[in-house]
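Take a look at the letters that make up each chain.
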Amino acid sequence: MFITFLVLGSLVYTLKQAGAVKSNTRTMDQMSEVVHTLLLIKADVRGALNILSPTEGSSSSLKLVRVDPDLSFAQRVDLGVDDNPFETREQETVLYTLNNGVLRRRITSSDGSTRAERLLKSSKFQVQASKNPRLLTVVLEVETSRVKKSHTMKVAVK
Amino acid sequence: MRMTTRNKGFLLVLALLITVLIAVIALGLLGIRRGSYASSKAVINSVQARALARSGINDIWVKLSNDPFFPTGIGDEQEQFSYREEVRDSNDEVVGTYTVKVDRAYRRTLEVVRLESTGRVGGLKAESSTHTIYAELSTKPGDFTLKVWQEGTTPRI
């Protein structure tokens, strides 16, 4: 009897550990997606020539203008009417918005062509802009199987 | 209840079978954990490489803001140069390195300096992860800011 209980106890413990590993792996995957998204937003804000929205107060979307990364510096110098490498025709607009519970990143080039990326499932996306100091506070809320987790990031605007 | 001679040792065989089953599950778990640890290490290394690359850009930004003609001793005819610095932790152990490349070909004409920083985790012989950031620095008076910031790029300069 003792051996039977010992063996069954070990089995229960092992299965519990297996469940914990599976659950932790899922949580880590979700966390990686959130971190990737936040870093992407941070990099976009860092490289933005101008933040179009929000300029003050809070908004459920983030819109910014940046230099088209597909164009090399040499192309940007040659393409334009003048040598300015930051001409409007060499820029594109990036829009982060929540649509049907999915955070999307829509990029619109100067020629009007757009491409959209689905980033992750999210229940809330809010961007708060403050003027002094110039900061953007990004709040991203993600629902896991049991709880809602809110992630906040502050990004300095140049 | 009295066990017959034929049922003797039944529990022992059952215990043995279940023990083998547990051992198989445990080995499987160890395999999963090994993969999990490896992926965690890879994530940490990529974050570290990114931080090193950012350090490189910040380093050159500070150097150029202190001395617009950095590095002293190099003539204006040399348009590109690069340098590499080691980053150490509080225990004086090497965390990694960053290599900064500077292209100042357009410094006078367009008032733009092109920068590229590549962060590498570990020492020279233990490079496990790299991350490159490309940036364009405006050198216009009163507008000493990074106009372009592109992460995870392939080397351009």
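In what follows, the structure referred to is the one given above.
Here the structure is a predicted model, which is why all the values come from computation and not from measurement.

Student: I tried to follow the overall build of chain B on my own but got confused; where do I start?
Tutor: Scanning chain B for helices and strands turns up one helix and five strands. Helices and strands in chain B line up, N terminus first, as α-β-β-β-β-β. For a compact globule of 157 residues, the expected C-alpha radius of gyration is about 15 Å, and chain B comes in at 29 Å, more than 25% above that figure. Looking at chain B as a whole, 34% of its 157 residues qualify as buried. Partitioning the contacts of chain B with sequence separation of at least 6, the portion at a separation of at least 24 is 46%. Charge-centre separation for chain B: the mean point of 21 positive side chains lies 18 Å from the mean point of 17 negative side chains.

Student: Mind showing me how you'd approach the overall build of chain A here?
Tutor: When helices and strands are counted, chain A shows two helices and nine strands. Listed N to C, the secondary structure of chain A is α-β-β-β-α-β-β-β-β-β-β in terms of helices and strands. At 23 Å, chain A has a C-alpha radius of gyration far larger than the 15 Å of a compact globule built from 158 residues. With the principal axes as the frame, chain A shows a C-alpha extent of 90 × 35 × 30 Å. Every one of the 158 residues in chain A was classed for burial, and the buried ones make up 37%. Within chain A, contacts between residues separated by at least 24 positions form 39% of all contacts whose residues are at least 6 apart in sequence.

Student: When you look at the nonpolar core in this model, what are you seeing that I'm missing?
Tutor: In summary, soluble globular proteins display a tendency toward joint burial of nonpolar side chains. With 24 residues, the main nonpolar core has Ile41(A), Val45(A), Ile51(A), Leu62(A), Phe125(A), Leu136(A) and Leu140(A) as its most contacted residues. With sequence-adjacent residues up to four places away left out, Val45(A) is seen in contact with Ile51(A), Leu62(A), Leu64(A), Leu136(A), Val155(A), Ala156(A) and Val157(A). Formed by 17 residues, the second largest nonpolar core is a distinct cluster that contains Phe70(B), Val100(B), Leu146(B) and Trp149(B).

Student: Can you help me understand the pattern of salt bridges in this one?
Tutor: Side-chain pairing between opposite charges can occur once the charged atoms of the two side chains come close. Under the definition given, this model contains 13 salt bridges over all chains. Between Asp59(B) and Lys63(B) there is a salt bridge whose closest N-O contact spans 2.7 Å. Taken together, the positions of Asp59(B) and Lys63(B), both in helix α1 (residues 10-66) and four residues apart, correspond to about one turn of that helix. What emerges from the salt-bridge pattern is a single network uniting Asp44(A), Arg66(A), Glu92(A), Arg105(A) and Glu117(A).

Student: Before we go on, may I ask you to explain the packing of aromatic side chains in this structure?
Tutor: Think of a pair of aromatic rings as described by two things: how far the centres are apart, and how the planes are tilted against each other in angle. As enumerated under the stated definition, the model contains four aromatic pairs over all chains in all. Ring geometry for Phe70(B) against Phe81(B): centres 6.0 Å apart, planes inclined by 65°, an arrangement best described as edge-to-face. Residue Phe70(B) is found in the loop between α1 and β1 (80-88), and its partner Phe81(B) is found in strand β1; the two are separated by eleven residues along the sequence. Residues Phe70(B) and Phe81(B) agree in their burial class; the two are buried. Relative to Tyr83(B), the ring of Phe70(B) has its centre 6.0 Å away and its plane inclined at 85°; by these criteria the two rings are edge-to-face. Note that Phe70(B) is positioned in the loop between α1 and β1 and Tyr83(B) in strand β1, a separation of 13 residues in sequence. An identical accessibility class is assigned to Phe70(B) and Tyr83(B); each is buried. An aromatic cluster is present here, built from Phe70(B), Phe81(B) and Tyr83(B) joined pairwise through their rings. Of note, Arg46(A) hangs over the ring of Trp149(B), and the distance from its end group to the ring centre comes to 4.3 Å.

Rules of the game
- Residues numbered from 1 in each chain as written.
- Chains lettered and ligands numbered in written order.
- Predicted model: local features only at pLDDT ≥ 70, side-chain atom pairs only at ≥ 80, totals over all residues.
- Heavy atoms only, no water.
- Helix = DSSP H or I, 4+ residues; strand = E, 2+ residues; numbered from the N terminus.
- Rg over C-alpha atoms; globule rule 2.2 N^0.38 Å.
- Buried < 20%, exposed > 50% of the residue type's maximum accessible area, 1.4 Å probe, protein only.
- Contact = heavy atoms within 4.5 Å.
- Lys, Arg positive; Asp, Glu negative; His and termini not counted.
- Charge placed at Lys NZ, Arg CZ, Asp CG, Glu CD.
- Core = buried A, V, L, I, M, F, W, Y, C linked by side-chain atoms within 4.5 Å.
- Salt bridge = Lys/Arg side-chain N within 4 Å of Asp/Glu carboxyl O.
- Phe/Tyr/Trp six-rings, centres within 6.5 Å; stacked < 30°, edge-to-face > 60°.
- Lys NZ or Arg CZ within 6 Å of the ring centre and 35° of its normal.

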